[in-house]
Protein chains: 2
Amino acid sequence: MKPHIAIAGATGLVGSEILNILESSSIEPKQVTLLASKNSAGEVYRFRDDEIKVEELSAEKFVGVDVALFALSNDLAEQYVPIAAEHGAVVIDNSSRFRMDPKVPLVVPEVNGDLVNGDHRIFANPNCSTAQLVVALKPLQNLAGLKRVVVSTYQSVSGAGKDALDELWAQSLAVFQQKEVPIEVFPHQIAFNLIPQIDSFLPSGYTKEEKKVIDETRKILNLPDLRITCTAVRVPVFHSHSESVSVDFERNVTREEIVEALKGAPGLEVHTEEYPLPLDVTGSDPVHVGRIRMDEHGGCDFWVVADNLRKGAALNVVQILELWLQQKNVH
Amino acid sequence: MKPHIAIAGATGLVGSEILNILESSSIEPKQVTLLASKNSAGEVYRFRDDEIKVEELSAEKFVGVDVALFALSNDLAEQYVPIAAEHGAVVIDNSSRFRMDPKVPLVVPEVNGDLVNGDHRIFANPNCSTAQLVVALKPLQNLAGLKRVVVSTYQSVSGAGKDALDELWAQSLAVFQQKEVPIEVFPHQIAFNLIPQIDSFLPSGYTKEEKKVIDETRKILNLPDLRITCTAVRVPVFHSHSESVSVDFERNVTREEIVEALKGAPGLEVHTEEYPLPLDVTGSDPVHVGRIRMDEHGGCDFWVVADNLRKGAALNVVQILELWLQQKNVH
């Protein structure tokens, strides 16, 4: 089956990365439709041998679309995902709008790819920090059971979009030139600083970003009662998210068994001599794990880095698409 | 008593910050001697109404010194701390050389200032990350007992000295100018990057920095069996260290009790509306705590920021000195 694929939000950081990854994949679309806001309509993107003109997003654009890949805000996803589905498209949505909907599978192919089957029209893509975390946690869950997970994130500015990249650049330059530092995208200066707030606050004192990591990890690992907590921090890095993770297990386990389990798991690159850095990892597909070590009480600490626009977003979307196409062809 | 005070390593980041803090303190020295390497000898520093010429470090310079404040490398501390003590000086040492020596009190005045008494000639100042951590942990230990502590650090480059500040600056500029990025102080590029390694690796897989946080916290809190782990990460921030901390307690406790306990504790500034940022905290004396929230299982997560050159180093040294002078005058 050669599918007609639409990318909704094609001109954003995630949308254009979806197009990039699609281009280098083995998927052969019958047609690619690029949808975006009125402002971006008319822009031209190259896809393999074709030039594709961006069209303004509207309901009728989903007529005849087989798969719609959504990289839009929650509000626009809420509005257009059901429309795309009603028009007969299968939707893979990168917003957080449908992730915790019990009827919608929240999929990381390496972890729960079996959920991609003909029963569903809408699939949700997890939060960027969640995606890389569960790829590393799943083999440990299989190995020894997860008793407790403590995560502190070091998240790059690209997670907040194009304007955020520009802001880190502009702020850093302003610091150099001793000019006033422009603050528009982030609530505080991010250049040469840290912001321990991503998204808005909930009454519990957690941010929505932290709650996403907690709830989505539980859903994807199918461990609704997992003891897990998260602190999400923005750091002055352009690309790739890093995470410091501390895990307790249900059963006794050695470092050797953990390294072995991680090395054998899909989507992971295990670093035992050196450790992964966001700068090196950017542009690569795998989730990188390093600094693997046992604490004195049988727990294990490690460091997880992945390109947040790839595994954390666009790559995972395309991987779900590939799975869906496979099962479509098989059944 | 008006003491004769020597600062050994007076021209480094920590040494010159000790002189700054001493200047604005109520301490009235009889004399201040500044000691440094041959390279810096002859440099002139202002201290209140005096100009003080830096002298080359040597054994005989400690003759007649009442208190020697050491901000030197481990090797130089190993050599000169015993010499200073033998010459009759009380030594407050910022190196890690004597910290875990059972005969040497490791002191954070807000936590275990009672150890500063006439029984000891050498006092050790803790690692910068440890100092701010224990100021926040002590009131929680008193409130409900500490069962487990998980720390991830976000450490500024100033912890690695003057050259490290220059390197972050030079690297950031090189990125802007699209020139080759100079890498000399840190093992990798730190500008727009993260390095999950501070100090060298131990056979356990932990770094020495992480082990310091673990061991020194246990020693200062007098909890030799405390379950604590640490991941120490260098971030592209000039000044102030931040920490994401997750704590389990021995007894049930509410967020209100925790906030109350922290607000009532010495050396702490508690942020409940906003949260502390390294950029804002730089140059301030207190340890700043924010993002205080309970997890779903009775644990508490929070965010600790302090100026690593002040509470993490120079300020703590001067606070120990003040305590020592007080007990000297009283007894």
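Note that this is a predicted model, so its numbers are computed, not measured.

1. A look at the overall build of chain A
Each helix and strand counted, chain A has nine helices and 14 strands in total. For 331 residues, the compact-globule estimate of 2.2 N^0.38 gives 20 Å, and chain A sits close to it at 20 Å. If one aligns the C-alpha atoms of chain A with their principal axes, the spans along those axes are about 60 × 60 × 40 Å. Every one of the 331 residues in chain A was classed for burial, and the buried ones make up 56%. Considering only contacts in chain A between residues 6 or more positions apart, those separated by 24 or more positions represent 66%.

2. Observations concerning the relation of the copies chain A and chain B
Mapping chain A onto chain B calls for a screw motion: a turn of 180 degrees about the axis and a shift of 0.0 Å along it, with 0.0 Å RMSD after fitting. Here the symmetry operator amounts to a two-fold rotation axis. Here 100% of the interface residues in chain A have copies in chain B that are interface residues too; the copies meet face to matching face.

3. Concerning the interface of chain A and chain B
Listed by partner, the interface residues are 40 residues for chain A and 40 residues for chain B. Mapped by element, the contributors of at least two residues to the side of chain A that touches chain B are strand E9 (146–154), helix H5 (162–176), strand E10 (227–231), strand E11 (241–249), helix H8 (278–281), strand E13 (287–294) and strand E14 (300–306) of chain A.

4. Remarks on the domain arrangement of chain A
Residue and element names in this part refer to chain A. Taken domain by domain, chain A comprises domain 1 (4–126 + 313–330) and domain 2 (130–308). Using only C-alpha atoms to locate each centre, domain 1 and domain 2 end up separated by 25 Å. On the side of domain 2, 17 residues touch domain 1, which itself brings 14 residues to the contact. Secondary-structure elements contributing two or more residues to the side of domain 1 that touches domain 2 are helix H3 (109–112) and helix H9 (310–330). A breakdown of the residues in the side of domain 1 that touches domain 2 according to their chemical character gives eight nonpolar, four polar and two charged.

5. Digging into the packing of helix H4 (residues 128–144) of chain A against helix H6 (residues 208–221) of chain A
Residue and element names in this part refer to chain A. Axis separation between H4 and H6 bottoms out at 10 Å; the angle between their running directions is 45 degrees. Regarding the angle of H4 to H6, the classification is oblique. For the crossing formed where H4 meets H6, the hand is right-handed. Of the residues in H6, those touching H4 at Ser-129, Thr-130, Leu-133, Val-134, Leu-137, Lys-138 and Gln-141 are Lys-212, Val-213, Glu-216, Thr-217, Ile-220 and Leu-221. Grouping the constituent residues of the contact of H4 with H6 by class yields six nonpolar, four polar and three charged.

6. What about the confidence of the model for chain A?
Model confidence for chain A is summarised by a mean pLDDT of 97, while 99% of its residues fall at 70 or above. Here the prediction assigns the complex a pTM of 0.96, and the interface score ipTM is 0.96.

7. What about the pairing of strand E4 (residues 50–53) of chain B?
Along any regular strand, the residues point their side chains to alternate faces of the sheet. All names here are of chain B. Across four bridges, the pairing between strand E3 (residues 44–47) and E4 is antiparallel. By the bridge assignment for E4, Val-44 is matched with Lys-53. Between E3 and E4, which pair antiparallel in sequence order, lie two residues; one of them, Arg-48, sits at a positive phi of approximately 50 degrees.

8. Digging into the sheet that holds strand E2 (residues 31–36) of chain A
Residues and elements named next belong to chain A. Sheet architecture is open: six strands sit in the order E5-E2-E1-E6-E7-E8, paired in parallel fashion. Two strands lie at the open edges of the sheet, namely strand E5 (55–56) and strand E8 (122–124), each paired on one side alone. Pairing of strand E7 (residues 90–93) with E8, which is carried by three bridges, proceeds in the parallel orientation. By the bridge assignment for E8, Asp-93 is matched with Ala-124. The sheet strands contacting helix H2 (residues 74–86) are strand E1 (4–8), strand E6 (67–70), E7 and E8, and the helix crosses E7 at an angle near 155 degrees.

9. Here's the deal with the pairing of E6 of chain A
Residue and element names in this part refer to chain A. Residue alternation in E6 divides its side chains into two sets, Val-67 and Leu-69 and Ala-68 and Phe-70, and both sets are buried. Examined bridge by bridge, E1 and E6 share four bridges and lie parallel to one another. Looking across to E6, one finds that Ala-6 is bridged to Ala-68. One ladder, built from four bridges, connects E6 with E7; its direction is parallel. Bridge pairing in E7 links Leu-69 to Ile-92. Handedness of the crossover joining E6 and E7 through H2 is recorded here as right-handed.

Cut-offs applied
- Residues numbered from 1 in each chain as written.
- Chains lettered and ligands numbered in written order.
- Predicted model: local features only at pLDDT ≥ 70, side-chain atom pairs only at ≥ 80, totals over all residues.
- Helix = DSSP H or I, 4+ residues; strand = E, 2+ residues; numbered from the N terminus.
- Rg over C-alpha atoms; globule rule 2.2 N^0.38 Å.
- Buried ≥ 20, exposed ≤ 12 C-beta atoms within 10 Å, placed from the backbone.
- Contact = placed C-beta atoms within 7 Å.
- Least-squares fit on C-alpha atoms with pLDDT ≥ 70 in both.
- Domains from an automatic or database assignment.
- Nonpolar A, V, L, I, M, F, W, Y, C, P; charged D, E, K, R; others polar.
- Axes fitted to C-alpha atoms, helices over the stretch in contact; angles between N-to-C directions.
- Parallel < 35°, antiparallel > 145°, perpendicular 65-115°, else oblique.
- Left-handed = near helix turned anticlockwise from the far one by under 90°.
- pLDDT = per-residue confidence, 0-100.
- Pairing = 2+ DSSP bridges.
- Right-handed = clockwise from strand over helix to strand, strands pointing away.

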